[in-house]
Amino acid sequence: MEHIHLFFALNDTYCRHCCTTIVSLLENNPDDFFDIYLLSDYISPENRQKLSSLGQRYSHHTIHFHIVDDTDFRNFNLNIGYITLQTYYRYAIAEWFPQLDKALYLDCDLVVNGPLKALWQTDITDYICAGVPDLWIENIYYKPEIGMSLDELYINAGVLLLNLKKMREEHTGRLLSQATAQPPCKIKFQDQDIINLVCRGKIKALPERFNFTTENAFKHPDQRAEATIIHYTGERKPWCGEVCANPLKHLYFDYLKKTPYNDTLKKDSMLKRLTHLFSRKPKESSRPIRVALLIDEFFGGAGTAFGGYGFLARHYIAKYLPCDDIQIDVLLRLDYQRKKKKATKTRVDNVDVYVLPGRKYASAWLKKKNYDLYFSIELTSSFLQYEPDPGKRLLLWVQDPRPWKDWLEIQTVKLFPESCYWNTEVYELVHRLYTEGRVTFVTQGRFLIEKARCLYRLSPETPIDYLPNPVDIDPAFDVKSFPKKNHIIFIGRIESVKRGWLFCEIAKRMPEYEFYMLGQSFREKAQNDSVMAQYREGIKNLHFTGHVEGEEKFNYIKEAKILVNTSIHEALPVTFLEALAYGTLLVSCQNPESLTEKFGIYTGPVLGDGFDKIDLFVEAIRSLMENEEKRQALSIAGYEYVKQVHNVPDFIRNTRELIRREARR
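What counts, and where the lines are drawn
- Residues numbered from 1 in each chain as written.
- Predicted model: local features only at pLDDT ≥ 70, side-chain atom pairs only at ≥ 80, totals over all residues.
- Heavy atoms only, no water.
- Helix = DSSP H or I, 4+ residues; strand = E, 2+ residues; numbered from the N terminus.
- Contact = heavy atoms within 4.5 Å.
- Areas by Shrake-Rupley, 256 points an atom, 1.4 Å probe, with all protein chains shown as cover.
- Pairing = 2+ DSSP bridges.
- Right-handed = clockwise from strand over helix to strand, strands pointing away.
- Buried < 20%, exposed > 50% of the residue type's maximum accessible area, 1.4 Å probe, protein only.
- Polar contact = N/O pair within 3.5 Å; in protein donor to acceptor, adjacent residues only side chain to side chain.
- Axes fitted to C-alpha atoms, helices over the stretch in contact; angles between N-to-C directions.
- Core = buried A, V, L, I, M, F, W, Y, C linked by side-chain atoms within 4.5 Å.
- Phe/Tyr/Trp six-rings, centres within 6.5 Å; stacked < 30°, edge-to-face > 60°.
- Lys NZ or Arg CZ within 6 Å of the ring centre and 35° of its normal.
- Parallel < 35°, antiparallel > 145°, perpendicular 65-115°, else oblique.
- Left-handed = near helix turned anticlockwise from the far one by under 90°.
- Nonpolar A, V, L, I, M, F, W, Y, C, P; charged D, E, K, R; others polar.

Draft legend 1. Looking closely at the overall build of the protein chain. Of the regular secondary structure elements, the protein chain holds 25 helices and 23 strands. Taking the principal axes of its C-alpha atoms as reference, the protein chain extends roughly 95 × 60 × 45 Å. Across the protein chain, contacts joining residues at least 24 apart in sequence account for 72% of those joining residues at least 6 apart. Only carbon and sulfur atoms are counted for the fraction: they give 50% of the accessible area of the protein chain, which is about 29000 Å².

In structure tokens, the structure reads:
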């Protein structure tokens, strides 16, 4: 009979829990033989006797006590309070047991509730180890902080199938120890991070049933009955009392009753003490950084408009940045007409979105919330004047600063003039915060720096760091082989500044191609709809889709060859980046960061209503559509640019560090 070599690492106080794990294993695997190795610096005679006594009931195992000289591990960092030095022992299994080629490592805070043969027989010939993807890590978008992409495999290290032979051949144990002593980056999850980084690309993914954590239990409740290994991850274990959130915590006690430690259920006063300990409110120093995201729209959330700022706020900042030490609330523009004493809260995508109380009560509300940092995409409201603490800082992400000369250009449109929302009060508020040393500027585009300095009256030496806008990259999309269609798209709100009528006129002149207008009117809807009404009938190759988002939107972008932008004013639209991420080229009268001329055709400036410049767009589109070789080359170049400069992992890592830095100032 093949022996399954099973390893645990523990200290003396964890013997009860390890024994529970072993009993659960043996109860559910009566036909397999286990060599069980307990790695520890010390196990008391009493605990040795109890663990050894399992042989009286279960004959299909042997237990080996391996006492470790942990001198080589004592200088390793421990930054998670409930994890002990023994966690690092797994590094050395391959060297300590040269006679073994394969091993299964299990944490002691789990139970085995089914057969392990399928796990043991997993082929890992070409891998260092195998493990289950860590759903908690996925949920908090942590991988970018250690230099990994979002689609890379990151496993929970509590269940590891180890290729000991390959570990010896590649000196994995030594590499793990070296990386732990001198981490290649700032890490939070100590040995688990190190294992994933050192073994990167050489780890095989296992089905979730072999490491079914609390996160798995809540996300996939229908899979609970199929879970083979239930892992009680996190600080709050079943034996800590009612504070344990795992819905399968009862299994721990079911198996504990079958161990020599069953009498501890009644005697253990630790349970009560730990319940009290974990139920206490955390100390102030341990609470997350509380960030207020100031924005006037949340891309449809809480009944707001659909726009670029809101898209960035909802689908990138509020989605990717919250984590264990950063909490984000969304604060919508202060409504000066509101007289309510309390804010109105809406839950959108797991984030709290607030419409603030009336200005008479705003200061008291902000004082109670006590945010550590304000974060704004541009700044469209002056309600920060109500912040009662003169030390609170603002992180201002410059997206579209509009000095007065920009408004003069916008106002050359006469067909339907754009409403001007120049706001001296806001700009002067930013200037005051700047003079008080309370604002840090970053920008999505270097070409916006001088505009920001002009708008906010900043000195020429004012530092404004580059923080490029992120865009999700579809890992399954192959820019070189995807079969594009002869489609041309427009994306944006249908309003004066976008001059959507020009897109319609272009479509009328190019009946050989299909044109899709993605978007809808929101502000001043009646006037916009009136202007566009003449184009909605009679142009067979022009299609109005209305507002689309998600997969439907990206399918339009993916299939199109060209994105046309006819706006009289733009900063750096997210739609430009989304188009390039799918190899869709740009034709525009705007050239932010020179992207249009690099990855498409820049028509040059087009002022006024633009009817006299339609031929510029038509010629640009035709030159790209009729030169497939050029189009494909630019398509690949644009895709690679976005992947390198505007990727989400870099955005997560850099922005989280920026928030942490600003909150500490």
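Draft legend 2. Quick look at the pairing of strand E20 (residues 542–546). Inspection of the sheet shows strand E19 (residues 514–518) paired to E20 by four bridges, in the parallel sense. Its bridge partner lying in E20, Leu-518 is registered against Gly-546. With respect to chirality, the unit in which E19 leads through helix H19 (residues 525–532) into the neighbouring parallel E20 is right-handed.

Draft legend 3. Seen up close, the environment of Asp-151. Tracing the sequence through the fold places Asp-151 in the loop between helix H5 (135–139) and strand E7 (155–163). Of the residues examined, Asp-151 reaches a relative accessible area of 54% and is grouped as exposed. Along the backbone, Asp-151 and Thr-62 are 89 residues apart, and their C-alpha atoms lie at a distance of 40 Å. Those residues within four positions of Asp-151 in sequence are excluded, and the remaining contacts are Lys-143 and Pro-475. Within the local environment of Asp-151, its side chain forms a polar contact with the side chain of Ser-149, the two groups lying 2.7 Å apart.

Draft legend 4. Main features of the sheet that holds strand E22 (residues 585–588). Overall, parallel pairing links the six strands, which are arranged E20-E19-E18-E21-E22-E23 in an open sheet. Each edge of the open sheet is held by one strand with a lone partner, namely E20 and strand E23 (600–602). Averaged over neighbouring strand pairs, the angle between their axes works out to 25 degrees when direction is ignored. Two elements, E22 and E23, share three bridges in a ladder whose sense is parallel. Opposite Leu-586, over in E23, you have Gly-600 as the bridge partner. The strands that helix H18 (residues 500–509) touches are strand E18 (487–491), E19, E20 and strand E21 (562–565); relative to E19, the one it contacts most, it runs at about 165 degrees. Of the strands in this sheet, E18, E19, E21, E22 and E23 are in contact with helix H23 (residues 614–625), which crosses E22 at around 160 degrees.

Draft legend 5. Molecular detail of the nonpolar core. The biggest cluster of nonpolar side chains holds 61 residues, and the ones touching the most others in it are Ile-317, Phe-375, Ile-377, Trp-397 and Ile-659. It is helix H13 (residues 308–320) that provides the largest number of residues to this core, a total of eight residues. Of all hydrophobic cores here, the second largest spans 50 residues; its members include Leu-26, Leu-38, Val-111 and Val-243.

Draft legend 6. Layout of the packing of aromatic side chains. Per the counting criterion, the structure on display carries 39 aromatic pairs. Measuring from ring centre to ring centre gives 6.1 Å for Phe-73 and Trp-96, while their planes differ by 80 degrees; the resulting arrangement is edge-to-face. One end of the pair, Phe-73, is in the loop between strand E3 (61–67) and helix H3 (93–96); the other, Trp-96, is in helix H3, and 23 residues separate them in sequence. Using a relative accessible area of 5% as the deciding quantity, one classes Phe-73 as buried. Grouped by ring-pair contacts, the aromatic residues Phe-73, Phe-76, Tyr-88, Tyr-89, Tyr-91 and Trp-96 constitute a single cluster. A cation over an aromatic ring shows up here: Arg-48 above the ring of Phe-65, its NZ or CZ 4.7 Å from the ring centre. The cationic tip of Arg-536 hangs over the ring face of Phe-544; the distance from NZ or CZ to the ring centre is 4.3 Å.

Draft legend 7. Examining the packing of helix H7 (residues 172–181) against helix H8 (residues 190–198) more closely. For the pair H7 and H8, interaxial distance at closest approach is 10 Å and the crossing angle is 125 degrees. Considered as vectors, H7 and H8 are oriented oblique to each other. Judged by the twist between their axes, the crossing of H7 over H8 is right-handed. Contacts between H7 and H8 pair Leu-175, Leu-176, Ala-179 and Thr-180 from the former with Ile-194, Ile-195 and Val-198 from the latter. The residue inventory of the contact of H7 with H8, partitioned by class, reads six nonpolar, one polar and no charged.

From the geometry alone we can't say anything about function, so treat these as descriptive.
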